Amino acid sequence: MYDYDKNIIKLIDILLIENIISSKTEFYDEIKTIRQTISKIKKGINHFTPLQIQIICKKYNVNANWIFGIQPNVFNT
């Protein structure tokens, strides 16, 4: 699994803790994926796409540089 995949998997938990999403399924629906694809991402078979990353950043105000391990702030300020 790529580092950016790991960070997005972490992000799902952060969004749940911050009550930004109510379930993982809500997140999956928003980025147009399914639980089985997430399982494949965790195994390193699949990866999040640039379009999914773009959706994540816009919808949840996430710092793309955090996803790629460049900056420490998860959210844009």
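Please refer to the structure higher up on the page.
What counts and what doesn't
- Numbers given to residues run from 1 along each chain, matching the order in which its sequence is written.
- At least 70 in pLDDT is required for a residue's local features to be given in this predicted model, at least 80 for side-chain atom pairs to be given and counted, and no such filter applies to totals for whole chains, interfaces and linings, which use all residues.
- The basis for every side-chain value is the complete set of heavy atoms in the structure, and neither hydrogens nor water enter the calculation.
- Numbering of helices and strands runs from the N terminus; a helix is a DSSP stretch of H or I covering at least four residues, while a strand is a stretch of E covering at least two.
- We compute the radius of gyration from the C-alpha atoms alone; for a globule the expected value is 2.2 Å times N to the 0.38, where N is the number of residues.
- Burial classes follow relative accessibility: with a 1.4 Å probe on protein chains only, a residue under 20% of its type's maximum area counts as buried, one over 50% as exposed, and anything between as partly exposed.
- Two residues form a contact once any of their heavy atoms are found within 4.5 Å.
- We get accessible surface area from the Shrake-Rupley algorithm with a probe of 1.4 Å; when it comes to residues, only the shown protein chains can shield them.
- To form a nonpolar core, buried Ala, Val, Leu, Ile, Met, Phe, Trp, Tyr and Cys residues must be joined to one another through side-chain atoms within 4.5 Å.
- In this analysis, rings of Phe, Tyr and Trp, with Trp reduced to its six-membered ring, are considered paired at centre separations within 6.5 Å, and the interplanar angle assigns stacked below 30 degrees, edge-to-face beyond 60, and tilted for intermediate values.
- Interaxial angle, 0 to 180 degrees, is taken between N-to-C directions of lines fitted to C-alpha atoms, where a helix line uses only the stretch in contact.
- Between 65 and 115 degrees an angle is taken as roughly perpendicular, under 35 as roughly parallel, over 145 as roughly antiparallel, and anywhere else as oblique.
- Left-handed describes a crossing in which the near helix is turned anticlockwise from the far one by less than a right angle; the clockwise case is right-handed.

## So, the overall build of the protein
1) Next: Each helix and strand counted, the protein has 5 helices and 0 strands in total.
2) Next: Ordering the α and β elements of the protein from the N terminus gives α-α-α-α-α.
3) Next: Over its C-alpha atoms the protein spans a radius of gyration of 11 Å, differing by no more than 12% from the 11 Å that the globule rule assigns to 77 residues.
4) Next: Its C-alpha atoms give the protein principal-axis dimensions of roughly 35 × 25 × 20 Å.
5) Next: Split into buried and exposed, the 77 residues of the protein put 34% on the buried side.
6) Next: For the protein, long-range pairs separated by at least 24 residues make up 48% of all intrachain contacts whose partners lie at least 6 apart in sequence.
7) Next: Of the accessible surface of the protein, which amounts to about 4,900 Å², a share of 51% is contributed by carbon and sulfur atoms.

## Description of the nonpolar core
1) Next: Ile8, Phe27, Phe48, Ile56 and Ile67 are the most contacted members of the largest nonpolar core, which totals 21 residues.
2) Next: Residue assignment for this core shows that the elements contributing at least two residues are helix H1 (3-17), helix H2 (24-30), helix H3 (35-42), helix H4 (50-60) and helix H5 (64-67).
3) Next: Take this core: its biggest share by element is 6 residues, from H1.

## Some thoughts on the side chain of Asp5
1) Next: Along the polypeptide, Asp5 turns up in helix H1.
2) Next: Filtering out sequence-adjacent residues up to four positions away, Asp5 remains in contact with Ile41, Asn46, His47 and Phe48.

## Here we look at the packing of aromatic side chains
1) Next: Scanning the entire structure with this criterion turns up 3 aromatic pairs.
2) Next: With a centroid separation of 5.4 Å and 40 degrees between ring planes, the pair formed by Tyr4 and Phe68 is classed as tilted. In this pair, Tyr4 is assigned in helix H1 and Phe68 in the segment after H5, connecting sequence segments 64 residues apart.
3) Next: Classification of Tyr4 by relative accessible area gives buried; the value is 18%.
4) Next: Among the aromatic residues, those joined into a cluster by ring pairs are Tyr2, Tyr4 and Phe68.

## Notes on the packing of H1 against H4
1) Next: Running from amino to carboxyl end, H1 crosses H4 at an angle of 30 degrees, the nearest separation of the two axes being 12 Å. Here H1 lies roughly parallel to H4, going by the angle between them. For the pair H1 and H4, the crossing hand works out as left-handed. Facing Tyr4, Ile8, Leu11 and Leu15 of H1, the residues of H4 in contact are Ile53, Ile56 and Tyr60.

## Some remarks on the environment of Ile20
1) Next: Summarising the element assignment, Ile20 is placed in the loop between H1 and H2.
2) Next: Under the relative-accessibility criterion, Ile20 is labelled partly exposed at 38%.
3) Next: Separated by 24 residues in sequence, Ile20 and Gly44 have C-alpha atoms that sit 27 Å apart.
4) Next: Setting aside anything within four residues of it in sequence, one finds Ile20 in contact with Leu15, Glu26, Tyr60 and Phe75.

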